[in-house]
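Survey of secondary and tertiary structure
So the chains spell out like this:
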Number of protein chains: 2
Amino acid sequence: MELWYIQDYINEYKMGLKVKETIFQGKTRFQEITILDTYLYGRVLLLDGIAQLSEKDEFMYHEMLVHVPMFSHPNPEKVLIIGGGDGGASREVLKHPVKEVTLVDIDEGVIEVCQRYFSQLGRWDDPRLTVLIEDACQYISSTSEVFDVIIMDSTDPLPHGVAEPLFSPEFFEQAFHHLSPQGIMVSQMEPPFFDVDRVKKLWEGFNVFPIVKLYWGLVPTYPGGIWSYVIASKSQDPRRQERVPDFPTRYYSPAIHQAAFVLPSFLEEMLENQKRDEENFS
Amino acid sequence: MELWYIQDYINEYKMGLKVKETIFQGKTRFQEITILDTYLYGRVLLLDGIAQLSEKDEFMYHEMLVHVPMFSHPNPEKVLIIGGGDGGASREVLKHPVKEVTLVDIDEGVIEVCQRYFSQLGRWDDPRLTVLIEDACQYISSTSEVFDVIIMDSTDPLPHGVAEPLFSPEFFEQAFHHLSPQGIMVSQMEPPFFDVDRVKKLWEGFNVFPIVKLYWGLVPTYPGGIWSYVIASKSQDPRRQERVPDFPTRYYSPAIHQAAFVLPSFLEEMLENQKRDEENFS
């Protein structure tokens, strides 16, 4: 018998992974958590049936999500991670000489399961890390903390999903006010060629920031094989590296930092048209 | 009823596309040709059941396959295309001020079907284009022509497949001898992270060339979402652009030309180790 995990994507595309066995299956108050052992990618974490990360390529996603904003900032001392309950984003942040990392995840269940089944992902015992189990919207509207870098490592903003409120213009505005003057914010975003309208809407949410750029990288596990990231800042140009790694990396490099911001012509045009449309309406 | 085309990839990965209808199905002496109309990518050409190109993203593949070698050459007058029966590669080559383009495809059937169902792909009436229906191995061993650029636009080198002999060291050596002193050769190659051993073997085939580089680009239709290209030359550095486009492009740009050669650290290392292994054995 062959066991396959088949992921539907926008109803016109499926991705299938051949499965060795189901390692874990459970339900929290917020979502269903599944861990599959697959032939191609090793262990894969699914939330509500959607692949979030795999053993084999999680480094590609986490390095690009974290090191691009972190190396664009001259001295990131205080970092906020929204979501990131699997631990991978905080593992990468803690490689930098940061002073405090706050991780706010709504679902304790994800953290517990990942600590058990993806032990390579987290540095949970690092004294610089504080974990808060809380709704990030509530946290950001009640805290008085100010951060140098805010990293959004949530699930996708599906309609009525757990992460939907995190992608609202209101949330981005709150985040803006909790960033230091050189502050930088980053969010994962789906690749900008499947559902162009959804991506345009997300892109608009960042309007409160004077500088907004898109960059991209490989993540073979995700449908389409690449992933994109929106990076927004108050004053820093995120394409400019302020520091270089003094630790080993497997995906990120100073050259990749530059290259990741170079978009194919059709994407450059799409984003520029979007900007022009906004200017015309304002 | 829902109709799905499901493509198996290395037996551990499937890609599924929702199908509106089957436009064409036929068999030539060499392969089975199918054209599907899909919701996500429009018309898709399949050879022996494997997706070769789609209406929606063929420009990404053809622009990156063609313009990187063409713009790395100061004055490409004579170009050879091996395969390319769909017409897309020659369409892009003919945008350059070339004098002669020779397209050698073994299967007339592919050309006829693509002329009919993918009419946007070919510039078949351009007087600079000569089409030869012939085995490219025979052609290259019997011709006395010398080319500035050779573009391999074949199907994948599957064991016992039509294209397997095209990826042999013997073929690359023949091609080398039919290149002018500034000559450049390019071949499509599958992404270098699924079947690493197969890619390493292909990479070795180019040993006859003093300069060999890998570059990559998006092609959402292909499993994994990116595709890679091997570019080999006698003297030119393919990362250096000798000319810039004076025609519109949708993917290629001078900045993309540079960025496409920047590989994630793990790929750089893989290719460097490969090179070191070869040096140790020689």
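Residues numbered from 1 in each chain as written. Chains lettered and ligands numbered in written order. Predicted model: local features only at pLDDT ≥ 70, side-chain atom pairs only at ≥ 80, totals over all residues. Heavy atoms only, no water.

1. Some points on the layout of surface pockets
Inclusion rule: Think of a 1 Å grid over the protein atoms and nothing else: a 1.4 Å probe that fits but is trapped marks a cavity, an open set flanked by protein within 12 Å on at least five of seven lines marks a pocket, and residues with an atom within 4 Å of a point count as lining. Grid points are joined across faces, edges and corners, and a volume is the space filled by probe spheres set on the points. Helix numbering and strand numbering both begin at the N terminus, where a helix is a DSSP run of H or I of at least 4 residues and a strand a DSSP run of E of at least 2. Three classes are used: nonpolar for Ala, Val, Leu, Ile, Met, Phe, Trp, Tyr, Cys and Pro, charged for Asp, Glu, Lys and Arg, and polar for all others, with Gly counted as polar. Where each domain begins and ends is defined by an automated method or by a domain database.
Counted as a void, the largest pocket has a volume near 770 Å³. Along its surface, the largest pocket is lined by 43 residues, and A:Leu47, A:Gln52, A:Ser154, A:Thr155 and A:Asp156 are the ones closest to its centre. Those elements that place two or more of their residues in the lining of the largest pocket are β1 (3-9), β4 (42-47), β5 (50-54), α1 (58-72), β6 (78-83), β7 (100-105) and α4 (136-142) of chain A. Ranked by residue count, the leading element in the lining of the largest pocket is β5(A), at four residues. Along the lines of polarity and charge, the residues of the lining of the largest pocket split into 22 nonpolar, eleven polar and ten charged. Inspection of the lining of the largest pocket shows a minimum of three residues originating in each of domain 1 (3-54) and domain 2 (58-281) of chain A. Elements with a minimum of two residues in the lining of the second largest pocket: β1 (3-9), β4 (42-47), β5 (50-54), α1 (58-72), β6 (78-83), β7 (100-105) and α4 (136-142) of chain B. Considering each element in turn, the lining of the second largest pocket owes the most residues, four residues, to β5(B). Considering only residue class, the lining of the second largest pocket consists of 22 nonpolar, eleven polar and eight charged. Here the lining of the second largest pocket gathers at least three residues from each of two domains, domain 1 (3-54) and domain 2 (58-281) of chain B.

2. Observations concerning the interface of chain A and chain B
Heads up, the condition is: What makes two residues a contact is simply this: any of their non-hydrogen atoms within 4.5 Å. As used here, buried area is the combined drop in accessible area, with a 1.4 Å probe, of two parts when they are placed together. Each reported salt bridge corresponds to a side-chain nitrogen of Lys or Arg within 4 Å of a carboxyl oxygen of Asp or Glu. Pairs of N or O atoms are called polar contacts if they sit within 3.5 Å, as long as, within protein, a hydrogen donor faces a hydrogen acceptor (for residues adjacent in sequence, only side-chain-to-side-chain pairs).
Across the contact, 37 residues belong to chain A and 37 residues belong to chain B. Both faces combined, the contact of chain A with chain B buries some 3,200 Å², and carbon together with sulfur accounts for 67% of it. Looking at the side of chain A facing chain B, the largest losses of area belong to A:Glu12, A:Lys14 and A:Leu40, adding up to 18% of the total buried there. Viewed at the interface, chain B and chain A are joined by zero salt bridges. Connecting chain A to chain B are ten residue pairs in polar contact (both at pLDDT 80 or more).

3. Observations regarding the domain arrangement of chain A
Where interface size is quoted, it is often the accessible area lost as the parts come together. Residues and elements named next belong to chain A. For chain A, the domain assignment lists domain 1 (3-54) and domain 2 (58-281). Taken over C-alpha atoms, the centre of domain 1 sits 23 Å from the centre of domain 2. Counting from both sides, the interface comprises 22 residues of domain 1 and, opposite them, 23 residues of domain 2. Of the roughly 2,200 Å² buried between domain 1 and domain 2, counting both surfaces, carbon and sulfur atoms make up 70%. On the domain 1 side of the contact with domain 2, Tyr 9, Phe 30 and Leu 53 bury the most area, a combined 27% of that side's loss. Inspection of the region where domain 1 meets domain 2 yields zero salt bridges. For the side of domain 1 that touches domain 2, the elements supplying multiple residues, two or more each, are β1, β2 (13-27), β3 (32-38), β4 and β5. In terms of residue count, the dominant contributor to the side of domain 1 that touches domain 2 is β5 (five residues). Looking at side-chain class alone, the side of domain 1 that touches domain 2 contains 16 nonpolar, five polar and one charged residues.

4. What about the pattern of salt bridges?
Residue and element names in this part refer to chain A. Note the following rule: Per-residue accessibility, obtained with a 1.4 Å probe over protein chains only, is compared with the maximum for each type, and a residue is labelled buried under 20%, exposed over 50%, and partly exposed between these values.
Applying the stated criterion across every chain yields a total of 20 salt bridges over all chains. Glu 77 is paired through a salt bridge with Lys 99; the nearest N and O atoms lie 3.3 Å apart. Note that Glu 77 is positioned in the loop between α1 and β6 and Lys 99 in the loop between α2 (88-93) and β7, a separation of 22 residues in sequence. Note on Glu 77: relative accessible area 26%, which makes it partly exposed. A salt bridge links Arg 128 to Asp 126; its shortest N-O distance comes to 2.9 Å. Judged by its relative accessible area of 25%, Arg 128 is partly exposed. We classify Asp 126 as buried; its relative accessible area is 17%.

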